[in-house]
Amino acid sequence: MKIGLVSLGCSKNLIDTQTAMKFLSKQGHIFTANVRDADVIIVNTCAFINDAKQESIDTILEMADYKSGRCQKLLVMGCLAQRYCKDLQAAMPEVDRFITIDEYPHLEEILKSEIEPAGDSEEKTVLATKPWTAYLRISDGCNNRCAFCAIPYIRGPYRSVPFEELINQASELESLGVKEINLIAQDTSRYGFDLYHENRLLDLLKELNRMNFHWIRVLYLYPDLITKEFLVEMKKLDKVLPYFDMPVQHGSDRLLKAMRRITDSNKIAELTGWIREVFEDPTLRTTVIVGFPSETRYDFRDLIKMVSEVRWDHLGAFKYSREENTEAYSMKPQVAKKTMQNRLDKIMILQQGIDTEAKEKYLGKTMEVLIEGKDAIKNLYIGRNRTQAPDNIDGMTIFTSDRQLEPGEFVNVRITRIQGYDMYGETV
């Protein structure tokens, strides 16, 4: 059968999609990027914030329309299915099966019962990403219990993937020719504490650094567990990029405490200072929330101050989303939507200037770029340099070349122009 897969939400969700793809491939099924041609459609949903929930619902309803054509069956999995399974079953009879995250240990059996095997095939990892890049999820769940976050409720407590299992997964990715590997989790900096009673992230990076990857990037680091000693040791690993994705959420100590974050503004300043002291040209990325319950103009002023002083290379800002089953749901006072939007606009205007300044330091310099594709009409190649993760947040590197290049290649590009969040250049 032809399977159409739609994976919504974060890269961590993409790993679950990839797991389903591996089993379905083993059963002899093939995948199509055009859901109109699919015999079965599977939607992997997100439910992190209200906008994500609405996108998931809209996508399910859109996919249900195809059941009047070739599509015989519609399956829905992921965080939305986990969080609202009974409500969805009642509201969406057009969905043939909702698969909750609790059922993932039995995912193969469920898929086999819902989709008749098409014939045996070789069991191997099927990447849900482009063939030269991959994500390695080192844990699932979370213990941090931030007041605004429903992830522990949806995904459960923090569970590290055993060390040897991760090495085996990485070896398989290496054998597939993956050149860029990105470590992900709800909190990568906590890896190993639950299984080994110690932090094993550095041990894992050392093992991966011995393998045949070109770039290794760590995402979703929780700031309070990063030490200067860790940074010094990390610098010795030549394939591990000096890329630090650390969601700090706010700059007001009062609000950080209300959010139940362990980190405070002094720790944020100290940590970013350490990173810039240890690494010559690191990339700093974060996310922040505006409009958390009781956020005053003085709290927002502290957030602006933190962003202005740290000068993050990449920053994403989000309006607070009121989520049931979180501590913040009943907190008062709730901030008005108009106030949230005004604060979001202000911080993104500030960050746009900081982002441009951060990129301008690369003007005239040569950067290594991983080619992602080509705009044939404009005759421009599109890729990413080491400051740009593969999740379409950090912008792209767009460049010309006087020779034919292939996606997945690394090339040297001289940066000649900055436009918006993207860098432009030419091969050298």
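Keep in mind that what you see is a predicted model, and the values were worked out from it rather than measured. (Residues numbered from 1 in each chain as written. Predicted model: local features only at pLDDT ≥ 70, side-chain atom pairs only at ≥ 80, totals over all residues. Heavy atoms only, no water.)

Chemist: Now, about unusual backbone geometry: what can you tell me, with residues and values included?
Modeler: Most peptide bonds adopt trans geometry, and most residues besides glycine take a negative phi value. Across the junction of K332 and P333, the peptide omega takes the value -5 degrees, indicating a cis bond. Relative to the elements of secondary structure, P333 occurs in the loop between β13 (314–319) and α13 (337–360). Positive phi outside glycine occurs at Q249, with the angle close to 75 degrees. For Q249, a relative accessible area of 9% puts it in the buried group. If you check the backbone angles, N379 has positive phi at about 60 degrees while not being a glycine. With a relative accessible area of 43%, N379 lands in the partly exposed category. (Helix = DSSP H or I, 4+ residues; strand = E, 2+ residues; numbered from the N terminus. Buried < 20%, exposed > 50% of the residue type's maximum accessible area, 1.4 Å probe, protein only.)

Chemist: Please set out the pattern of salt bridges residue by residue, giving values where relevant.
Modeler: Close approach of charged atoms allows side chains with opposite charge to pair. Summed over all chains, the structure comprises 35 salt bridges. The shortest N-O distance in the salt bridge between K361 and D281 comes to 3.3 Å. Residue K361 is located in the loop between α13 and β14 (366–375), and its partner D281 is located in the loop between α11 (265–278) and β12 (283–290); the two are separated by 80 residues in the primary sequence. The salt bridge involving E357 is made with R311; its shortest N-O contact spans 3.4 Å. Taken together, the residues span a long stretch of sequence, with E357 in helix α13 and R311 in the loop between α12 (297–310) and β13 at a distance of 46 residues. Accessibility expressed as a relative area gives 45% for E357, which makes it partly exposed. On the basis of relative accessible area, R311 is assigned to the partly exposed category, the value being 31%. What emerges from the salt-bridge pattern is a single network uniting D16, R137, D140, R155 and R159. (Salt bridge = Lys/Arg side-chain N within 4 Å of Asp/Glu carboxyl O.)

Chemist: If you had to explain a negative patch on the surface to someone new, which residues and values would you point to?
Modeler: A contiguous patch of negative charge on the surface is contributed by D51, E55, D58, E62 and D65. The class for D65 is exposed, based on a relative accessible area of 55%. (Patch = residues over 30% accessible without salt bridge, like charges linked within 9 Å, V, L, I, M, F, W, Y side chains within 5 Å. Areas by Shrake-Rupley, 256 points an atom, 1.4 Å probe, with all protein chains shown as cover. Lys, Arg positive; Asp, Glu negative; His and termini not counted. Charge placed at Lys NZ, Arg CZ, Asp CG, Glu CD.)

Chemist: Please set out the sheet that holds strand β6 (residues 133–137) residue by residue, giving values where relevant.
Modeler: An order of β6-β9-β10 is seen for the three strands of this open sheet, with the pairing classed as parallel. This sheet does not close on itself; its edge strands, each paired only once, are β6 and β10 (215–218). Across this sheet, the average inter-strand angle for adjacent strands is 20 degrees, counted without regard to direction. In this fold helix α1 (residues 11–26) packs onto β6 and β9 (180–184), with an angle of close to 95 degrees to the strand it touches most, β6. (Pairing = 2+ DSSP bridges. Axes fitted to C-alpha atoms, helices over the stretch in contact; angles between N-to-C directions. Contact = heavy atoms within 4.5 Å.)

Chemist: Summarise the pairing of strand β3 (residues 40–45); cite the residues concerned and give the values.
Modeler: For β3, the tally of buried residues reaches six of six residues, placing the bulk of the element in the interior. The handedness of the β3 to strand β4 (residues 73–78) crossover, carried by helix α2 (residues 50–64), is right-handed. (Right-handed = clockwise from strand over helix to strand, strands pointing away.)

Chemist: If you had to explain α11 to someone new, which residues and values would you point to?
Modeler: Look at α11: 20 Å from first C-alpha to last across 14 residues, which is about the 20 Å you get at 1.5 Å a residue. N-cap assignment for α11: the residue whose side-chain oxygen lies 3.2 Å from the backbone N of N266 is D264. (Expected span 1.5 Å × (residues − 1). Polar contact = N/O pair within 3.5 Å; in protein donor to acceptor, adjacent residues only side chain to side chain.)

Chemist: Which residues make up the sheet that holds β13, and what values go with them?
Modeler: As summarised here, the arrangement of the three strands in space is β11-β12-β13, forming an open sheet in which the pairing is parallel. Of all the strands in the sheet, the pair left with one neighbour each is β11 (243–245) and β13. Across this sheet, the average inter-strand angle for adjacent strands is 10 degrees, counted without regard to direction. The pairing of β12 with β13 spans six bridges and is classified as parallel. In the sheet register, V290 faces β13, and the bridge partner there is K319.

Chemist: Tell me what's going on with the side chain of D245, and back it up with residues and numbers.
Modeler: Mapped onto the fold, D245 is located in strand β11. From its side chain, D245 meets the backbone nitrogen of Y220 in a polar contact 2.9 Å long. There is a polar contact of 3.2 Å between the side chain of D245 and the side chain of R285. If sequence neighbours within four positions are ignored, D245 has contacts with V218, L219, Y220, L221 and R285.

Chemist: Before we move on, could you go through the packing of helix α6 (residues 163–175) against helix α8 (residues 201–209) and cite the residues and values that matter?
Modeler: Between α6 and α8, whose axes approach to 11 Å, the crossing angle comes to 25 degrees. With respect to α8, the element α6 is oriented roughly parallel. By crossing handedness, the relation of α6 to α8 is classed as right-handed. Residues F163, L166, I167 and A170 of α6 lie in contact with α8, whose contacting residues are D203, L204, E207 and L208. Residue composition of the contact of α6 with α8, by class: six nonpolar, no polar and two charged. (Parallel < 35°, antiparallel > 145°, perpendicular 65-115°, else oblique. Left-handed = near helix turned anticlockwise from the far one by under 90°. Nonpolar A, V, L, I, M, F, W, Y, C, P; charged D, E, K, R; others polar.)

Chemist: An account of the state of the cysteines is requested, with residue identities and associated values reported.
Modeler: Summed over the entire model, instances satisfying the criterion amount to zero disulfides. Free cysteine C10: the closest other cysteine sulfur is in C46, separated by 6.1 Å. Taking the relative accessible area as the measure of exposure, C10 reaches 32% and is therefore partly exposed. Cysteine C71 remains unbridged, with the sulfur of C85 as its closest cysteine sulfur at 19 Å. (Disulfide = S-S within 2.5 Å.)

Chemist: Can you tell me about the side chain of D187, naming the residues and giving the values?
Modeler: By secondary structure assignment, the location of D187 is in the loop between β9 and α7 (193–196). Overall, D187 belongs to the buried group, its relative accessible area being 0%. A polar contact of 2.6 Å, which involves the side chain of D187, links it to the side chain of S189. A distance of 2.9 Å separates the side chain of D187 from the side chain of R190, its partner in a polar contact. In this structure D187 touches S139, N144, Y158, Y220, L221 and Y222, once residues within four positions along its chain are discounted.

Chemist: Which residues make up the packing of helix α9 (residues 228–235) against α11, and what values go with them?
Modeler: For the pair α9 and α11, interaxial distance at closest approach is 10 Å and the crossing angle is 30 degrees. With respect to each other, α9 and α11 are oriented roughly parallel. Viewed along their axes, α9 and α11 form a crossing whose handedness is right-handed. Each of K228, L231, V232 and K235 in α9 lies in contact with α11, whose residues at this interface are L271, W274, I275, E277 and V278. When grouped by side-chain class, the residues that make up the contact of α9 with α11 number six nonpolar, no polar and three charged.

Keep in mind these values describe shape, not function.
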